[in-house]
Amino acid sequence: MAHQKILILDFGSQVTQLIARRVREQQVYCEIHPFDVSDDFVREFAPAGVILSGGPNSVYEAVGWHAPQSVFELGVPVLGICYGMQTMAQQLGGTVESSGKREFGYAEIRARGHSELFRGIEDRTNDEGHGLLDVWMSHGDKVTALPPGFKVIASNESCPVAGMADEVRKFYAVQFHPEVTHTIKGKEMIARFVHEICGCGHDWNMPDYANEAIEKVRAQVGQEEVILGLSGGVDSSVVAALLHRAIGEQLTCVFVDNGLLRLNEAEQVMLTFARNLGVKVIHVDATEQFMGHLKGVTDPEAKRKIIGREFVEVFQTEAQKLRANGAEAKWLAQGTIYPDVIESAGSKTGKAHTIKSHHNVGGLPETLNLKLLEPLRELFKDEVRELGIALGLPHEMVYRHPFPGPGLGVRILGEVKHEFADLLRRADAIFIDELRAADWYDKTSQAFAVFLPVKSVGVMGDGRTYEYVVALRAVQTQDFMTAHWAELPHSLLGKVSNRIINEVRGINRVVYDISGKPPATIEWE
């Protein structure tokens, strides 16, 4: 199916993928590509519109960090955001300078000039009747001279050109970030740009995409065998359902118990997939293999790399077994999604700062002799869930909280030990049970316990205790790129703490994490 599409050119912002998510929410297809693609690529992409992302640089210092000139010659609308606005201004004859006053976080701007981008969009009006908008800024430079043909469409005291437009050519630019939820009317601005200014319809949705993805997998795989690393989480579960629908018996799922799973996870996964969905699943207990290699390792990045390496080792062994039985797998399927790629700085630019690596991002060793199949790589978490429902997976599976690929290995701070994993499993299960009982599970986007490798003094009965600490973490988010800590009722937290301390011998203190993302990440490691 040929979709109308938006081209997003990435200048290295940490939130570029949020632009794509906002566009996709409007049921408009888009792709992100590095800013330095060729003019021929831009023309061949044939976008209905182009969005230029933000980035960490200054346009007057970053030599070569500009949009392809063809962007401004295609005759399609262009929206510049933050750095994207500044490079648009400079490339089209304006001036950008250091502002002398950095602006980060909330800002109020006045919409002016009656532009098509802001028409009818405002949070409130001032005494003079001017429309005001609450936005999120992140910049140290500003446009000081407009390019020919442009007018100011937004401003505030510290940023006289907070927005500009050449409405004849349909070029728009804003200094703030409409893609983040902190810009209250950002969603409406993106919708206005892609639908009314670019003229895109609503032809991107998961029920239709399910059929496209199935056909794409069939064309890619042909008659060859596929191995899928099945974790039981949302992403790999949706991949399993998609591949089972596409290639049936050509799919073999390998469920690896690495000793770092949630309580009763292995039994639940095998029951769900092997018995209920008819998917062929091999259960591999590799607990000792993983734990042995993690012994003495405390650095989180080292743990992630070890866990990823050992997963590959297990898959390689299972692929060899399949070959010995006459079923020669040619593909390894993974549940990699966009946020995994973003946080590993593995997006197509590779120019964003690395936050943390992901065990399933970065390709495969040549010794594996398997081709990589990642049918969800370009999807966001909410799209994955919608796809799962479209494929017929049960709601309780699809809307289960995310679980990291390395499992409890990144929820046990410091060295990973059997003892710590067992304590954490039980504490985590109590937390989730009580969230469900209090009707808070679906109100949070992700919730879990973290094991802290420190001991604290306590008293139980008449005796002194010196035992471990666990931290509870619950967040609410729309996109997993930014998140707020969940304001759980004190009575609920108290009940969870009381149960953990009483039922999990070895833990005598429970704390609650009230950090947002940013500055923290959702996981502790």
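Residues numbered from 1 in each chain as written. Predicted model: local features only at pLDDT ≥ 70, side-chain atom pairs only at ≥ 80, totals over all residues. Heavy atoms only, no water.

Asker: Can you break down the pairing of strand β2 (residues 29–34) residue by residue, with the values?
Answerer: The buried count for β2 comes to five of six residues, which makes it a mostly enclosed element. As defined by bridge partners, strand β1 (residues 5–10) adjoins β2 across six bridges and the pair is classed as parallel. Pairing of isoleucine 8 across the sheet is with isoleucine 32, part of β2. Chirality of the crossover, the property in question, places the unit of β1, helix α1 (residues 16–25) and β2 among those that are right-handed. (Buried < 20%, exposed > 50% of the residue type's maximum accessible area, 1.4 Å probe, protein only. Helix = DSSP H or I, 4+ residues; strand = E, 2+ residues; numbered from the N terminus. Pairing = 2+ DSSP bridges. Right-handed = clockwise from strand over helix to strand, strands pointing away.)

Asker: How would you sum up the UniProt feature "binding site: ATP" (unreviewed entry) in the protein chain? Please name residues and give values.
Answerer: Sequence positions flagged by UniProt for "binding site: ATP" (unreviewed entry) are, in local numbering, Ser231, Gly232, Gly233, Val234, Asp235, Ser236 and Ser237. If you trace the backbone, serine 231 turns up in the loop between β11 (225–230) and α6 (234–247). With relative accessibility at 36%, the residue serine 231 sits in the partly exposed group. Once residues within four sequence positions are removed from consideration, serine 231 is found in contact with Ser236, Phe255, Glu265 and Val269. With respect to the helices and strands, aspartate 235 occurs in helix α6. Since its relative accessible area comes to 13%, aspartate 235 is described here as buried. With residues up to four places along the chain from it excluded, the contact list for aspartate 235 reads Gly335, Ile337, Leu376, Lys381 and Val384. (UniProt positions renumbered as here; feature names shortened; annotations may be inferred. Contact = heavy atoms within 4.5 Å.)

Asker: Which residues make up the environment of isoleucine 6, and what values go with them?
Answerer: By secondary structure assignment, the location of isoleucine 6 is in strand β1. Separated by 296 residues in sequence, isoleucine 6 and alanine 302 have C-alpha atoms that sit 38 Å apart. Ignoring anything within four residues of it in the chain, the contact list for isoleucine 6 reads Val23, Val28, Tyr29, Cys30, Glu31, Phe45, Ala48, Gly49, Ile51, Val194, Cys198 and Cys200.

Asker: Summarise helix α14 (residues 490–503); cite the residues concerned and give the values.
Answerer: Between the first and last C-alpha of α14 there are 20 Å, a value that for 14 residues agrees with the 20 Å anticipated at 1.5 Å per step. Taken residue by residue, α14 has Leu492, Leu493, Val496, Ser497 and Ile500 as its buried positions. All buried residues of α14 project into a common sector of 130 degrees when viewed along the axis, lining one side. Opposite the packed face of α14, turned more than 90 degrees from it, sit the exposed residues His490, Ser491 and Asn502. In this structure, the buried residues of α14 make contact with α13 (418–437), β17 (463–476) and β19 (507–512). (Expected span 1.5 Å × (residues − 1). Arc of directions from axis to C-beta.)

Asker: So, the packing of aromatic side chains: which residues are in play, and what are the values?
Answerer: If you walk through the whole model with that rule in mind, you get 14 aromatic pairs. On the numbers, 4.9 Å between centres and 55 degrees between planes, the contact of tryptophan 204 with tyrosine 209 is tilted. Across the pair, tyrosine 209 and tryptophan 204 agree in class, each one buried. Aromatic side chains phenylalanine 420 and phenylalanine 451 sit 4.4 Å apart centroid to centroid with 25 degrees between the ring planes, which places their arrangement in the stacked category. Linking phenylalanine 420 in helix α13 with phenylalanine 451 in strand β16 (residues 446–460), this pair joins segments that are 31 residues apart in sequence. Grouping residues by exposure puts phenylalanine 420 and phenylalanine 451 together as buried. (Phe/Tyr/Trp six-rings, centres within 6.5 Å; stacked < 30°, edge-to-face > 60°.)

Asker: Which residues make up the pattern of salt bridges, and what are the values?
Answerer: Following the criterion strictly, the structure yields 29 salt bridges and no others. Across the pair glutamate 265 and arginine 400 runs a salt bridge whose closest N-O atoms are separated by 3.1 Å. Of this pair, glutamate 265 sits in helix α7 (residues 265–276) while arginine 400 is found in the loop between α12 (395–398) and α13, placing the two residues 135 residues apart along the sequence. By the burial criterion, glutamate 265 is buried, and arginine 400 matches it. For the salt bridge of lysine 321 with glutamate 318, the shortest nitrogen-to-oxygen distance reads 3.3 Å. Note that lysine 321 and glutamate 318 are positioned in helix α9 (residues 300–324) at a spacing of three residues, about one turn of the helix. Look at lysine 321 and you get partly exposed, because its relative accessible area is 46%. When salt bridges that share partners are traced, they join Arg21, Arg22, Glu25 and Asp382 into one network. (Salt bridge = Lys/Arg side-chain N within 4 Å of Asp/Glu carboxyl O.)

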